[in-house]
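Structural overview
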Number of protein chains: 2
Amino acid sequence: MKPYSQLSKEELTALKKELEKQFEDVKGKGLKLDMSRGKPAKAQLDLSNGMMDILNSETDLVSSDGVDCRNYGILDGISDARKLLADMSEVPERNILIYGNSSLNVMFDTVARAMTHGFLGSTPWCKLDKVKFLCPVPGYDRHFGITEFFGIEMINVPLLPTGPDMDMVEKLVAEDPAIKGIWCVPKYANPTGISYSDETVKRFAHLKPAAEDFRIFWDNAYSIHHLYDDKRDVILELLNECVKAGNPNMVLKFISTSKVSFPGSGIAALAASEANLEDAKKYMRVQTIGHDKLNQLRHVRFFKDMQGMYAHMRKHADILRPKFEKVWEVLDRELGGLEIGTWTKPLGGYFISFDSMEGCAKAIVAKAKEAGLVLTGAGATYPYGKDPKDSNIRIAPSFPTVEELAVAVEIFVLSVKLVSIDKLLEA
Amino acid sequence: MKPYSQLSKEELTALKKELEKQFEDVKGKGLKLDMSRGKPAKAQLDLSNGMMDILNSETDLVSSDGVDCRNYGILDGISDARKLLADMSEVPERNILIYGNSSLNVMFDTVARAMTHGFLGSTPWCKLDKVKFLCPVPGYDRHFGITEFFGIEMINVPLLPTGPDMDMVEKLVAEDPAIKGIWCVPKYANPTGISYSDETVKRFAHLKPAAEDFRIFWDNAYSIHHLYDDKRDVILELLNECVKAGNPNMVLKFISTSKVSFPGSGIAALAASEANLEDAKKYMRVQTIGHDKLNQLRHVRFFKDMQGMYAHMRKHADILRPKFEKVWEVLDRELGGLEIGTWTKPLGGYFISFDSMEGCAKAIVAKAKEAGLVLTGAGATYPYGKDPKDSNIRIAPSFPTVEELAVAVEIFVLSVKLVSIDKLLEA
């Protein structure tokens, strides 16, 4: 196909007329489709239904270390669960602390804790005039939501194919003691799907922040969420790199089974240095008597070990892969060569990131909505919801069926084409 | 029995010798007994084992309002769970918000939220020079732990047989805008077991605090935890009283099923005005995508409704009642008439509160420990762990068996007698 920019005004106008007819046709169908959130499909949830049978009135409800999981106690999680999530986090068991059902909640509570109590004796952030976070963009809207909620100033850092722009990160953290953290999704990043290079991870471990309480918020949400068996991203384990670099306390790693077992009914953990975990436990000890140990036991008995979890993730991949490929097939076929958008082809995670021509994303999302397709709001992948180029759109292919997706992506590409033509005709 | 105070020094010394021999005998048995925490016994946990069968791979996992409880979503809880916990809290469904596994966690997060964000637009407490809480004493150590952790100054208020000393509460909250809250366990209070009178509840509803963001933290932890069928305490419902008094936002009610189903694997809720809940949801919406809906569904299907929960609580009572009665039997028999201690006889809850002669509690707890009996630390029922009279000891009879309790209470009364004699001999 010829790039749209090389078409004459007349050609664009004629094309627009034709596309508008197609759009009206699909709009007339009164569809309701949703590609807005990284939500597992029903078929994926069914994979874990067996977890509901794992504990029953006939099984004993005692962990292998002899804890009656029905009663109070055991602040940091039963040891079987600690072992499983330590393995999943690629850290020693002494570096894991089990929380409740949501790693987002752990991250939120960690920021809340820093606000009122600081880290390892540092000044509580609420006592400081200014606290700033670095935000690799595009990124995860709920991360930015947390820092915005606590009045933390967010600074955009470009996300390159190797990870955040480390020249910029190194310079900023070294210069400004108000910079207390950075949000990272190091593997199959939300939304771009890129994974950080070894060099990026090493440069993270060797950061020399001006703030002693600077922390890397390392949200390894998609650590085992591959789409393929034979090609997958591997990233260096950051806690170990930080230990080697003499910065063991600089990283806080977050993990959960939300997209492994059941979203909302999984288990979450914080992986960090023993000093950081002891600090976190001072808070947790006052906050709760303990998290849900029966759910910890349920997970441990269902997955058994990492081999069990890997096998389970392959089943997820079998469901997700055709969906990603359907999106790519339509995007390639319909938009390839038109030069009105680019999109990512990650090997895992939950998203495809689409970049339209500048100033088109909001209009594309609005256009798609007219035809019944809900997309993540344009701008959501940037702090304060402000995409300076108004071009990034996050596509979440997991929830609809392949058949629904085929229609959804047709609506999407029609919307992209129509909005792009309008943009070009304006110029 | 003759009061110890009427015995001569010689009589006391002779008695001491005899009691010391008894104490050495029991000490020699090398027992390990625990009456320190309000922890349900194994037999009580067994009552809920059927809950482990309620959800399985054959049942549908969809709530009655059509929500797939396995997936993300539904911030405020599935409607079945909202209805159940609203009924348990004696409030309309619009006044309930479901949380995770622990009401302690809800209380902690509520104080944390007030620290960083205030209530309904008020100044965040962390921005104030001084924040104070009223603490009816003796009270619950974990309540005091939360306020201490956030640097909130705690002011003791005597707990009378009718509830907190309301003359003092009314005066203090009206005078001092730094007083932002009061901790209350209104029914079968921890540790005294008293329940607030109707007049006390009404006076709470009509408080005129100087601080607009003053909140009554109403921890209804033992709302349905009766020991008897035919005699039980009933308290006025405070939210409704506050609405009638024109103070709908002054109360935050906390509830959970921790001592109904499984401690640590229950569900918790906040009951409050719609304005307070909307305020809480602004925080929750950033903190999590949602709490564990499968566990909510599990509870709803197991208990069905309040009648189901009441029937279940009668089974708990059948297990707990003989334990309380065993403690009372030994206390009455061994300490009755000696005037070296008083104890409560509540109709529900988890504790018996014992008041020794002044200056004896720490020594009694230490003495009992010598013989292998762990009691709640003396002072724990007071803010900062400081019982000004060093006399209150919380007895938790739930966890040991009746047989173990019989021995434990014998050790306890021996310890009380020995320490009291020493005190009298000193004088």
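In the nomenclature of an unreviewed UniProt entry, chain A is known as Aminotransferase of Oliverpabstia intestinalis.

In this structure the tally under the stated criterion is 40 aromatic pairs over all chains. Centroid distance F217 of chain B to F254 of chain B: 5.8 Å. Interplanar angle 20°. Geometry classified as stacked. With F217 of chain B in strand β7 (residues 215-219) and F254 of chain B in strand β8 (residues 251-256), this residue pair connects regions lying 37 residues apart in the sequence. Residue classification places F217 of chain B among the buried residues on the basis of a relative accessible area of 0%. Classification of F254 of chain B by relative accessible area gives buried; the value is 0%. Arranged with centres 6.4 Å apart and planes meeting at 90°, the rings of Y222 of chain B and F351 of chain B form a pair that is edge-to-face. Of this pair, Y222 of chain B sits in the loop between β7 and α9 (238-244) while F351 of chain B sits in the loop between β10 (341-343) and β11 (352-356); the two residues are 129 residues apart in sequence, bridging distant segments of the chain. Comparing Y222 of chain B with F351 of chain B, the two get one shared label, buried. Among the aromatic residues, those joined into a ring-pair cluster are F119, W125, F133, W183, F217 and F254 of chain A. Over the ring of Y228 of chain A we find K231 of chain A, and its NZ or CZ is 4.4 Å from the ring centre.

Interfaces are often sized by the amount of accessible area the parts lose when they come together. Residue and element names in this part refer to chain A. Structurally, chain A comprises domain 1 (4-44 + 310-426) and domain 2 (61-304). Taking the mean C-alpha position of each, domain 1 and domain 2 sit 31 Å from one another. Each partner contributes to the interface: domain 1 provides 31 residues, whereas domain 2 provides 33 residues. A buried area of about 2,800 Å², summed over both sides, lies between domain 1 and domain 2, and 63% of it is on carbon and sulfur atoms. Here domain 1 is connected to domain 2 by 1 salt bridge.

Counting from both sides, the interface comprises 57 residues of chain B and, opposite them, 57 residues of chain A. Summing the contributions of chain B and of chain A, the shared interface buries around 4,700 Å²; its carbon and sulfur component is 54%. The largest share of the area that chain B buries against chain A comes from M52, R70 and Y72 of chain B, three residues that together contribute 16% of it. Taken together, chain B and chain A are joined by 2 salt bridges. Put simply, R70 of chain B and D46 of chain A hold a salt bridge, and the shortest N to O gap is 2.6 Å. The tally of links between chain B and chain A comes to 22 residue pairs in polar contact (both at pLDDT 80 or more). Those elements giving two or more residues to the side of chain B that touches chain A turn out to be α2 (42-46), α3 (51-54), α5 (103-117), α6 (141-149), α10 (274-287) and α11 (293-303) of chain B. Along the lines of polarity and charge, the residues of the side of chain B that touches chain A split into 23 nonpolar, 19 polar and 15 charged.

Further remarks concern the relation of the copies chain B and chain A. If you rotate chain B by 180° and push it 0.0 Å along the axis, it lands on chain A with an RMSD of 0.0 Å. What the superposition gives is, in effect, a two-fold axis relating one chain to the other. Comparing interface residues between copies, 100% of those in chain B also lie at the interface in chain A; the contact surface is shared.

Right, let's get into the sheet that holds strand β10 (residues 341-343) of chain A. Residue and element names in this part refer to chain A. Spatial strand order, β10-β11-β13: 3 strands in an open sheet with antiparallel pairing. A strand with exactly one partner marks an edge of an open sheet, and here the two such strands are β10 and β13 (392-395). Along the sheet, successive strands turn relative to each other by an average axial angle of 20°, direction set aside. Bridge count between β10 and strand β11 (residues 352-356): 3 bridges; the pairing is antiparallel. The residue of β11 that forms the bridge with G341 is S356. Packed onto the sheet, helix α12 (residues 306-335) meets β10, β11 and β13 and runs at close to 20° relative to β11. On top of the sheet, helix α13 (residues 361-370) reaches β11 and β13; it is set at about 40° to β13, its chief contact.

Reading the values: rules and limits
- Residues numbered from 1 in each chain as written.
- Chains lettered and ligands numbered in written order.
- Predicted model: local features only at pLDDT ≥ 70, side-chain atom pairs only at ≥ 80, totals over all residues.
- Heavy atoms only, no water.
- Phe/Tyr/Trp six-rings, centres within 6.5 Å; stacked < 30°, edge-to-face > 60°.
- Helix = DSSP H or I, 4+ residues; strand = E, 2+ residues; numbered from the N terminus.
- Buried < 20%, exposed > 50% of the residue type's maximum accessible area, 1.4 Å probe, protein only.
- Lys NZ or Arg CZ within 6 Å of the ring centre and 35° of its normal.
- Domains from an automatic or database assignment.
- Contact = heavy atoms within 4.5 Å.
- Buried area = accessible area lost by both parts, 1.4 Å probe.
- Salt bridge = Lys/Arg side-chain N within 4 Å of Asp/Glu carboxyl O.
- Polar contact = N/O pair within 3.5 Å; in protein donor to acceptor, adjacent residues only side chain to side chain.
- Nonpolar A, V, L, I, M, F, W, Y, C, P; charged D, E, K, R; others polar.
- Least-squares fit on C-alpha atoms with pLDDT ≥ 70 in both.
- Pairing = 2+ DSSP bridges.
- Axes fitted to C-alpha atoms, helices over the stretch in contact; angles between N-to-C directions.

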